[in-house]
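Read off the chains here:
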Amino acid sequence: MGVGKSTVGQRLAERLGVGYRDTDDDIVAAEGRTIAEIFVDEGEPVFRALEKRAVRAALADHTGVLALGGGSILDEDTRTLLAGHRVVYLSMDVEEAVRRTGLNVARPLLTINPRKQWRELMDARRHLYAEVARAVVATDGRTPEEVTQAVLDALELKEA
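Criteria and thresholds
- Residues numbered from 1 in each chain as written.
- Predicted model: local features only at pLDDT ≥ 70, side-chain atom pairs only at ≥ 80, totals over all residues.
- Heavy atoms only, no water.
- Helix = DSSP H or I, 4+ residues; strand = E, 2+ residues; numbered from the N terminus.
- Buried < 20%, exposed > 50% of the residue type's maximum accessible area, 1.4 Å probe, protein only.
- Contact = heavy atoms within 4.5 Å.

What about the environment of Ile35?
Here comes step 1: Within the element layout of this structure, Ile35 appears in helix α3 (residues 35-42).
Here comes step 2: On a C-alpha basis, the gap between Ile35 and Asp25 in space is 9.1 Å, while along the polypeptide they are 10 residues apart.

Below, the structure written as C-alpha cells:
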C-alpha cells in the first residue's frame, strides 16, 4: 500500500513499450464501486474472491506490466500462477508508508491503528512477497524514476 506500484508500473510499461494494467482498477471497473466500498459492503472474503478472479484473468490475457493489489499474494493459487512470471516486490518501511500515504482511511485494512496494522500486514505478507518475487526493489527515499530504473536493472530488461 502506497509503495508506488501504479506510478512505477506505468513508467515501466512506457519504458518497455508495453501496456499497463492494474487488477485493483479491473475490480473497481467490474464492480462499479471502490475497493473500500466492497470491503465495507461485502467484507474481505468477497473482495479476495474478486481479486483472485481479476488476477487470474489479467495473467491470462495481458502481456505487459501488471500491478497487483497488496493482498493478492495471500491466495496460494495466485502465488502458483505468478511463479512463471517476472514478479517484482516493491518494498518500503512503515515510516515511508506514513510519509507517502498518511496511512489514511481510504485503506480499509488500516482504519484503527494504521502504523500497527501496517506492520502486522507486512509481517504476515513479506515472506509471501519474497516467495513469488524474482527481485526485491526498495522504494524508500527514491523517486519513481529511480525505482523504475532499479526494476529494469534488477530484471535485466532492455527498454523499447
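Focus on unusual backbone geometry
Here comes step 1: Non-glycine residue Glu156 carries a positive phi angle of around 55 degrees.
Here comes step 2: On the accessibility criterion, Glu156 (67% relative accessible area) is exposed.

Structural notes on the environment of Glu31
Here comes step 1: Tracing the chain through its elements places Glu31 in helix α2 (residues 23-31).
Here comes step 2: When its relative accessible area of 30% is taken as the criterion, Glu31 is described as partly exposed.
Here comes step 3: In sequence terms Glu31 and Leu50 are 19 residues apart; their C-alpha atoms lie 9.1 Å from each other.
Here comes step 4: Once you skip the residues sitting within four places of it in the chain, Glu31 turns out to touch Ile38 and Leu50.

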